[in-house]
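Given next are the chains, with one letter for each unit.
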Amino acid sequence: NRVYSLLGAFGQNLFAFHRLDGKGYSLLAEAIAKIDKFNPHVATYIFEPFTILKKFDEERQMLMKHALLSLMNEPKISANLRELLVKTLD
């Protein structure tokens, strides 16, 4: 619950998560990759801020896609997370 609360709030923070250098996206993607290994259910909930990627400007969309592609290249991601990635990147 604490991890979900912390990372969920970070994903809703417009200033920190949507930084122009893309570090917010990378941070959340890395956290999702780690959490997915031991709790895929929480990882899919934390993924939610990425699902609205098409609502942002092209630069931020590119940065989000880069973070999501790195997540997609993780060796062992859960089926639910892979499905979310495919839907979001489509």
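For the structure, see preceding data.
Residues numbered from 1 in each chain as written. Predicted model: local features only at pLDDT ≥ 70, side-chain atom pairs only at ≥ 80, totals over all residues. Heavy atoms only, no water.

**Some thoughts on the packing of helix 5 (residues 58–72) against helix 6 (residues 79–89)**
And step 1. In the contact formed by helix 5 and helix 6, the axes pass within 10 Å of each other and the chain directions differ by 150 degrees. As for the relative orientation of helix 5 and helix 6, their crossing is left-handed in sense. Every residue of helix 6 that contacts helix 5 at Lys65, Leu68, Leu69, Leu71 and Met72 is listed here: Leu81, Arg82, Leu85, Val86, Thr88 and Leu89.
And step 2. By residue class, the composition of the contact of helix 5 with helix 6 is eight nonpolar, one polar and two charged. (Axes fitted to C-alpha atoms, helices over the stretch in contact; angles between N-to-C directions. Helix = DSSP H or I, 4+ residues; strand = E, 2+ residues; numbered from the N terminus. Left-handed = near helix turned anticlockwise from the far one by under 90°. Contact = heavy atoms within 4.5 Å. Nonpolar A, V, L, I, M, F, W, Y, C, P; charged D, E, K, R; others polar.)

**Description of the nonpolar core**
And step 1. By size, the foremost hydrophobic cluster in this structure holds 25 residues, and its most contacted members are Ile32, Phe47, Phe50 and Leu85.
And step 2. Among the elements that line this core, the one with the most residues is helix 3 (residues 23–38), at seven residues. (Core = buried A, V, L, I, M, F, W, Y, C linked by side-chain atoms within 4.5 Å. Buried < 20%, exposed > 50% of the residue type's maximum accessible area, 1.4 Å probe, protein only.)

**Section: the packing of aromatic side chains**
And step 1. Tallied over the entire structure, the rule returns five aromatic pairs.
And step 2. Measuring from centroid to centroid gives 5.6 Å for Phe47 and Phe50, while their planes differ by 45 degrees, and the two rings are tilted. Phe50 matches Phe47 in its accessibility class, with the two residues each being buried.
And step 3. These aromatic residues form a ring-pair network of at least three members: Phe10, Phe17, Tyr25, Phe47 and Phe50. (Phe/Tyr/Trp six-rings, centres within 6.5 Å; stacked < 30°, edge-to-face > 60°.)

**Description of the pattern of salt bridges**
And step 1. Across all of its chains, the model carries four salt bridges by this definition.
And step 2. Linking Arg19 and Asp21 is a salt bridge whose minimum nitrogen-to-oxygen distance equals 2.4 Å.
And step 3. Arg19 sits in the partly exposed class, given a relative accessible area of 36%.
And step 4. We note a salt bridge from Glu74 to Lys37, for which the minimum N-O separation is 3.5 Å. One end of the pair, Glu74, is in the loop between helix 5 and helix 6; the other, Lys37, is in helix 3, and 37 residues separate them in sequence.
And step 5. What makes Glu74 partly exposed here is its relative accessible area of 27%. (Salt bridge = Lys/Arg side-chain N within 4 Å of Asp/Glu carboxyl O.)

**With respect to the environment of Ile32**
And step 1. Inspection of the secondary structure assignment puts Ile32 in helix 3.
And step 2. Residue classification places Ile32 among the buried residues on the basis of a relative accessible area of 0%.
And step 3. Placed 22 residues apart in sequence, Ile32 and Lys54 show a C-alpha to C-alpha distance of 20 Å.
And step 4. Setting aside chain neighbours within four positions, we find Ile32 in contact with Ala43, Ile46, Phe47, Phe50, Leu71 and Leu81.

Treat this as a map of the structure, not an account of what it does.
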